[in-house]
Structures are given as C-alpha cells and as structure tokens.
Amino acid sequence: MDNSFTNDEHILRSIRGKSPQLVNAALKYLYQHHTIRSVVSKQISGLGGSPDDSRESLHQAIAVFYTHVMEGKYNPALSAISTYVVKIAVQIYYTRRRSEIRRDKTIDRISEEMSSSIFDPSELTEMEDQKTLLDTVLSAAGDRCKRLLKLRSADYSMSEIAEIMGYRSQDVAKNAALDCRKKINEFLAGKPALLAALKSL
Amino acid sequence: MNRQYDFEDIEDYLSGNMAESDKTAFEAALEEDPELVARLEALRAEAQLSKLLRRQHILDKLKEWDEEEDRQRGGSSADSSRFKYRNWLPYAVAASLMALVAAGIFFSPRDENFVAVSAPVTSPGIPMPSLPADTIPSKETVKPEPTDNNLRDKYEDLSRIAFREDNFELRLMGAGDKNMSAGICKKAAELYGSGDYRGALALLKNPDSDSLTECMYLRGYVLYKMGKYNQAEAVFRKFRKMEFSDRKFDALWGEVFCMTRQLPASRPRLIELLRFMADDQEHPYNVRATQLLTMMGE
C-alpha cells in the first residue's frame, strides 16, 4: 500500500474513509512523522518530561485526534493536523503533571495558551475512566472476544477478522462475534450502574 | 433460561427489521419485563462500547508500531530512544545525506508535501535563541549575478529545492465564515492560488489583527512570487520578533528560500542562517538546512 500522504486533506480523507488499512496508514504516518515527534519531545522535555512521557502523550494525542476527526470536532481551517496533535500531546502531559510541575514562567505561558485550547483537560480524566470501564466490560468476554470486538469496531471485515484471528471462515468469525456480543449484552444487562456509565458517554 | 425474545430479536427491533405485529408484541413485553428492557439498553450501549473499543484499538496499534520500530532498531520495547530527538537525528541526517548522494534527490515528495501543508509545528512555549544576520540589504530586489551559466543553474537548483509551496486555500478553508479579516486572508489566498499576486498583495495591505500572522505569512509568499525577494525576506524576518507563532519556524525557512533567490549577494547571511538551523538538532528544518549547506559545498 502506498503510505505517502501528500497533505492534511489526504490524511483526513483516509481517516474518514473508514478503511482500516487506510486509517492505520494515516495514523502511523502521523505518529512516525519526525517533526511532530521532535516538537512533542522538545516541548515535553521542556516541561520536565521523559522520552516515555512524550511517547505516551503522543499515543493519547493521536487517539484523541482520531476521535475528534470522527466526531467532527477537528476543523482543518483552524489548525493544521501537526499543530493540533502537538498541542493535544503537550496538554495531555501538562494536565497529568499539573500538580507536580513548578509554576515557573514557562509553565505560566503554556497555561495561558491552554486556556483557549482545543483539548478540554477533563477529556483526559474521562479517557482514563473510560479505559477502566472498557476493561471491566470486556473482562466478562475474555481476551479473544476483546481482540475480535476491537477489530470489528475498527471496521475490519469478517473475512479480514477470520484471517487475522485464525478462524476457518468469515462465517465462523461472524458467529464468534455474535457470541461475544451476546456475552457482553448479558453482562451489561445485569450491571445497571455499568450500563448507565456507558450510556452517559 | 426460557426467554420469549433472544438477542437477535432485540437486534431486529433496534434496527427496524421486526415485523409491525411482532414489534407491537415486543413493545408490550417491554412494559412487563424489566430484564428485557435491560438487555435492550445493553444492546443500545454497543455504540458507545464500540467507540471505546476503536480508541483502544488505535492505542494497541501505536504500541505495535513502537515494537515494530524497536525491532528494526534491535532494541527492546521499553527503549524510548526514538523520542530522544538528539539521539536519532544525526542518524537521520546521515541517512538522508546518503540517500541524497545515491538518488540525487534532496527532499522526498512525501515529507515535502506533508510539511508544506501542515508544517506549522512549532514550540510556542519555547522561545527561539537569538538568530544570526539581522540585516538585509536595502535594495528591493537583489537579482542573482551569476558569472557563468553553470553557476546560474546551480543557484536556480538551490532556489527550486529550497522553496516550499504552501496550500493557503486549504488552510483557510471555511475561515471566511468566521470573520471579515479571515475572509480577507482567505480571499487573498484564493488570488494567490490563481496566480493573481498583485491582487493578493493589495488585499493583504489591510489585514485585521486577529489574522495578522497568517496574512503576514501569506504576504511573504506573495512578494516572493512577485520576485520581490528582499521584501519577502523582510516580511518573513518579522516572525523572529514574535514570541509565539505557529509560523515561526516556517517563516525562518521562508527567509532561506528568499535568500537563495538573492545569491550570490546573500550567501554570507544564508550560510549563517542555515548553520544556525543545522546546529540546532531539534530545529524542524535541521535536516533541510544540512542538506542545503551540503549542496552549497559548506
């Protein structure tokens, strides 16, 4: 597959197209783009973060960017993709470390910038809560179901899922997916609090 | 458990695939059966669950790509050296110089195009160090004065390689809906895109303050296209004084491609600026500056 992306519009088109291969290629391209990485790394290290912090923040930023694109929250007229991703990554790190970082001049400047930010810091808390919620729900279905449902949610076709997960045919994969969904349905139906939390997203 | 309605029935109901008579009966059952209601609500929540799964899938993929990179580097998955820019950049520079010699190309189309449209990656919280060569000759347009055809060709190559086009129309798409000033900038971008540089310049004379930097950046390009390289350079140079701007690094590169059009007169300040960028291993244009210096025999 040609993984070259000529401009932001091309990246957006690939993400919105929902082909899992194109989505992966676009996100991988962004994640591995040296300019984005170097600026994220520079800014986060300027805030006292480690290379691991930069990597973790960029992971989260790419996922947030994807969500914002799919939910129509990202406006290409207001910010280039690279700027957007860098800002989210830095803010994610900043939000995590806010209580720990000494409030020097640099931090104040960044805080000022954050006030008109594209990323609501409460999103980070929500993301962490959502991860816990997801883990709880999926624990009822088991690891194999977890993997299958993730692929299904990423728009992989049943024949692709069968190939990736080693099912004999796409029908077998389809039945396996149905079984997983039934398990989760049973589990959630018996957990009103969990169901309410999920519905409130 | 003997249930009147199974998972597939609930799915049919939600997707509108249930026959009308069955639907009436199903809805009557819902009135009587809280467990059926709970199962229906659980199935409805699949959409939210799917959203969380999709995000988790992306995070899994990112970890997978990290591992893939680590394998290529022969390191462990815990190794974060790819995020230690200072560590890997020299290798990237070396690799690109090798590719340059081998393939005779200077900038890959992929990187060129991507950065051209989306390049304003900057570090607004980190002020740039003091920059060299803050004086520009007062002549409006300094034409190259090549001594022979080979030299003229060499300067032309340098200018062509250094210049990076920007897609202002795409960047400003929809901006005109926001306010008048963004509309001016957008209109000027359209004129720039259509090659009407004089018209674009006329519009950009009165940009409003809230889109000043984008209009100013575009003005640099317009002047460049009009052959007013010295003026364009001066416009790009104004970004040096801005403490925070998305265009700061890009404008510095704007100075570079304006200087390449003023060779040989601009050579000392061009070399100085390129060295400044090449010496800063974290500068986004570090690799390009190094490449250009190599091409200039520096």
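Basis of the calculations
- For every chain, the first residue of its written sequence is number 1, and the numbers climb from 1 along that sequence.
- All chains are assigned letters beginning at A, and all ligands numbers beginning at 1, according to the order in which they are written.
- Side-chain atom pairs in this predicted model are given and counted only at pLDDT of 80 or more, local residue features only at pLDDT of at least 70, and totals for whole chains, interfaces and linings cover all residues.
- The basis for every side-chain value is the complete set of non-hydrogen atoms in the structure, without hydrogens or water.
- Numbering of helices and strands starts at the N terminus; helices are DSSP runs of H or I of at least 4 residues and strands are runs of E of at least 2.
- A simple rule labels every residue: compare its accessible area, found with a 1.4 Å probe on the protein chains alone, to the largest value its type can have, and call it buried under 20%, exposed over 50%, or partly exposed in between.
- The criterion used for residue contact is that any of the two residues' heavy atoms lie within 4.5 Å.
- Every accessible area reported is derived by Shrake-Rupley at a probe size of 1.4 Å, with residue values counting cover from the shown protein chains alone.
- Comment: axis = line fitted to C-alpha atoms, over the contacting stretch for helices; angle = value between 0 and 180 degrees taken between N-to-C directions.
- Definitions for this section: a left-handed crossing has its near helix turned counterclockwise from the far helix by less than a right angle. A right-handed crossing has that turn clockwise.
- Cysteine sulfur atoms that come within 2.5 Å of each other are treated as a disulfide pair.
- Two aromatic rings from Phe, Tyr or Trp, using only the six-membered ring of Trp, form a pair when their centres are within 6.5 Å; if the ring planes differ by under 30 degrees the pair is stacked, by over 60 it is edge-to-face, and anything between is tilted.
- A positively charged side chain is recorded as over a ring if its NZ (Lys) or CZ (Arg) lies within 6 Å of the ring centre. The angle to the ring normal must also be within 35 degrees.
- We define a salt bridge as a contact between a side-chain nitrogen of Lys or Arg and a carboxyl oxygen of Asp or Glu at a distance within 4 Å.
- For a helix, the expected span equals 1.5 Å multiplied by the residue count minus one.
- Here a patch means residues that are over 30% exposed by relative accessible area and free of salt bridges, tied together within 9 Å if like-charged and within 5 Å if nonpolar (Val, Leu, Ile, Met, Phe, Trp, Tyr).
- Counted as positive: Lys and Arg. Counted as negative: Asp and Glu. His and the chain ends are not counted at all.
- Taken as the charge location is NZ of Lys, CZ of Arg, CG of Asp or CD of Glu.
- In this description, a nonpolar core means a group of buried Ala, Val, Leu, Ile, Met, Phe, Trp, Tyr and Cys residues linked to one another through side-chain atoms lying within 4.5 Å.
- Small angles under 35 degrees read as roughly parallel and large ones over 145 as roughly antiparallel, with 65 to 115 read as roughly perpendicular and the rest as oblique.
- Note on residue classes: Ala, Val, Leu, Ile, Met, Phe, Trp, Tyr, Cys and Pro are nonpolar, Asp, Glu, Lys and Arg are charged, and everything else, Gly too, is polar.
- Polar contact is defined as a pair of N or O atoms within 3.5 Å, subject to the rule that within protein one atom must be able to donate a hydrogen and the other to accept it, and that residues adjacent in sequence are counted only when both atoms are side-chain atoms.
- When we speak of the arc, we mean the arc of directions from the helix axis to the C-beta atoms.
- What pLDDT expresses is the predictor's confidence in each residue, scored from 0 to 100.

S.K.: Would you explain the overall build of chain A in this entry?
M.R.: Looking only at helices and strands, chain A has 11 helices and 0 strands in total. Going from the N terminus to the C terminus, chain A shows its helices and strands as α-α-α-α-α-α-α-α-α-α-α. Counting over 201 residues, chain A shows a buried share of 54%. Contacts spanning at least 24 positions in sequence make up 60% of the contacts within chain A whose residues lie at least 6 apart. Looking at chain A as shown, the accessible area adds up to about 8900 Å², and 48% of this sits on carbon and sulfur atoms.

S.K.: What should I look at first to understand the packing of helix H1 (residues 7-14) of chain B against helix H3 (residues 34-44) of chain B in this one?
M.R.: Two quantities define a packed helix pair, namely the angle between the helix axes and the distance between the axes. Residues and elements named next belong to chain B. Packing of H1 against H3 brings their axes to within 10 Å, and their N-to-C directions diverge by 65°. In this structure, the crossing between H1 and H3 has a hand that is right-handed. Where H1 approaches H3, its residues Phe 7, Ile 10, Glu 11, Tyr 13 and Leu 14 are matched on the opposing element by Leu 36, Arg 39, Leu 40, Leu 43 and Arg 44.

S.K.: Hey, could you run me through the state of the cysteines in this one?
M.R.: Linking two cysteines covalently via their sulfur atoms produces the bond known as a disulfide. All names here are of chain A. Counted according to the given criterion, the structure contains 1 disulfide over all chains. What pairs with Cys 145 in a disulfide is Cys 180, and their sulfur atoms sit 2.0 Å apart. As the torsion about the S-S bond is roughly -85°, the Cys 145-Cys 180 disulfide counts as left-handed. With Cys 145 in helix H8 (residues 143-153) and Cys 180 in helix H10 (residues 170-189), this pair connects stretches of sequence that are 35 residues apart. Cys 145 gets classed as buried once you look at its relative accessible area, which sits at 7%. Residue Cys 180 is classed as buried on the basis of its relative accessible area, which comes to 4%.

S.K.: Just checking my understanding: could you explain the packing of aromatic side chains for this structure?
M.R.: For any pair of aromatic rings, geometry is given as the distance between the ring centres together with the angle between the planes. Counted according to the given criterion, the structure contains 19 aromatic pairs over all chains. Residues Tyr 221 of chain B and Phe 236 of chain B carry aromatic rings whose centres are separated by 5.8 Å and whose planes lie at 90° to one another, so their mutual orientation is edge-to-face. You can see Tyr 221 of chain B sitting in helix H11 (residues 212-225) and its partner Phe 236 of chain B sitting in helix H12 (residues 229-237), a full 15 residues away along the chain. Joined through ring pairs, the aromatic side chains of Phe 163, Tyr 192, Tyr 197, Tyr 217, Tyr 221, Tyr 224, Tyr 229, Phe 236, Phe 239 and Phe 257 of chain B make up one cluster. The residue whose ring lies beneath Arg 37 of chain A is Tyr 31 of chain A, and the NZ or CZ to ring-centre distance is 4.6 Å.

S.K.: Help me understand the pattern of salt bridges in this model?
M.R.: It is possible for side chains of opposite charge to pair when their charged atoms get near one another. If you walk through the whole model with that rule in mind, you get 20 salt bridges over all chains. One salt bridge in this structure joins Glu 68 of chain B and Lys 28 of chain A, with 2.6 Å as the shortest N-O distance. Placement of the pair is Glu 68 of chain B in helix H4 (residues 46-73) and Lys 28 of chain A in helix H2 (residues 20-32), with the two residues belonging to separate chains. Taking relative accessible area as the criterion, Glu 68 of chain B reaches 23% and is therefore assigned partly exposed. Three or more residues are tied together by salt bridges with common partners; here these are Glu 233, Arg 237, Arg 240, Glu 255 and Arg 269 of chain B.

S.K.: Which parts of the structure should I look at to understand helix H4 (residues 51-70) of chain A?
M.R.: Owing to its 3.6 residues per turn, the α-helix brings residues three or four apart onto one side. Its 20 residues give H4 of chain A an end-to-end C-alpha distance of 29 Å, which sits within 8% of 28 Å, the value for a rise of 1.5 Å per residue. Counting buried residues along H4 of chain A, 15 of its 20 residues qualify, which places the element largely inside the surrounding structure.

S.K.: I'm lost on a negative patch on the surface in this one. Help?
M.R.: All names here are of chain B. On the surface, a cluster of negative charge is made up of Glu 20, Glu 27, Glu 31 and Glu 32. Tracing the chain through its elements places Glu 31 in helix H2 (residues 20-32). By relative accessible area, Glu 31 is classed as exposed at 69%.

S.K.: Is there a simple way to explain the nonpolar core in this structure?
M.R.: As a rule of thumb, soluble globular proteins bury nonpolar side chains together. Ranked by size, the top nonpolar core spans 49 residues in total, and within it Leu 218, Trp 253, Val 256, Phe 257, Leu 274, Met 277 and Leu 292 of chain B carry the most contacts. Secondary structure elements with two or more residues in this core: helix H7 (149-162), helix H9 (180-194), helix H10 (197-203), H11, H12, helix H13 (248-260), helix H14 (267-279) and helix H15 (286-295) of chain B. Among the nonpolar cores identified, the runner-up in size contains 39 residues, and Leu 27, Tyr 31 and Val 86 of chain A together with Leu 62 of chain B belong to it.

S.K.: What is the right way to look at the packing of H2 of chain A against H4 of chain B in this model?
M.R.: Interhelical geometry of H2 of chain A versus H4 of chain B gives an angle of 55° and a closest axis separation of 11 Å. Here H4 of chain B runs oblique to H2 of chain A, going by the angle between their axes. Crossing angle aside, the handedness with which H2 of chain A passes H4 of chain B is right-handed. Residues Asn 24, Leu 27, Lys 28, Tyr 31 and Gln 32 of chain A of H2 of chain A form the contact with H4 of chain B, whose own contacting residues are His 57, Ile 58, Lys 61, Leu 62, Trp 65, Asp 66, Glu 68 and Glu 69 of chain B. Tallied by class, the residues present in the contact of H2 of chain A with H4 of chain B amount to 5 nonpolar, 3 polar and 5 charged.

S.K.: Looking at this structure, I do not really get the environment of Gln 56 of chain B. What am I missing?
M.R.: By the element assignment, Gln 56 of chain B lies in helix H4. For Gln 56 of chain B, a relative accessible area of 10% corresponds to the buried category. Among all residues touching Gln 56 of chain B, those that are not within four sequence positions of it are Lys 131, Leu 134 and Lys 150 of chain A.

S.K.: When you look at the environment of Tyr 74 of chain A in this model, what are you seeing that I'm missing?
M.R.: Residues and elements named next belong to chain A. On the secondary structure map, Tyr 74 appears in the loop between H4 and helix H5 (81-97). Classification of Tyr 74 as buried rests on a relative accessible area of 3%. Note: C-alpha distance between Tyr 74 and Tyr 84 (10 residues apart in sequence) is 8.5 Å. Excluding its chain neighbours within four sequence positions, the residues that come into contact with Tyr 74 are Asp 8, Leu 12, Arg 16, Phe 65, His 68, Val 69, Ser 79, Ala 80, Ile 81 and Tyr 84. Within the structure, the side chain of Tyr 74 is placed 3.2 Å from the backbone nitrogen of Ile 81, a separation counted as a polar contact.

S.K.: Honestly, helix H11 (residues 192-199) of chain A in this entry has me stumped. Any pointers?
M.R.: Residues and elements named next belong to chain A. The set of residues buried in H11 consists of Leu 194, Leu 195 and Leu 198. The buried residues of H11 occupy one face: seen down the axis, they fall within an arc of 100°. Summarising the geometry of H11, the exposed residues directed more than 90 degrees from the buried face are Pro 192 and Ala 193.

S.K.: How should the confidence of the model for chain A be read in this particular structure?
M.R.: Caution is warranted with low-pLDDT regions, since their predicted coordinates should not be read in detail. The predicted model of chain A has a mean per-residue pLDDT of 84, with 84% of residues at 70 or higher. With pLDDT under 50 throughout, residues 112-116 of chain A is counted as low confidence; its partners more than four residues away or in other chains account for 5 contacts.

S.K.: Is there a simple way to think about unusual backbone geometry in this case?
M.R.: Residue Pro 264 of chain B is reached from Leu 263 of chain B by a cis peptide bond, and omega for that bond is 5°. Inspection of the secondary structure puts Pro 264 of chain B in the loop between H13 and H14. Notably, Asp 155 of chain A is not glycine yet its phi reads approximately 70°, a positive angle. On the basis of relative accessibility, which here comes to 34%, the residue Asp 155 of chain A falls in the partly exposed class.

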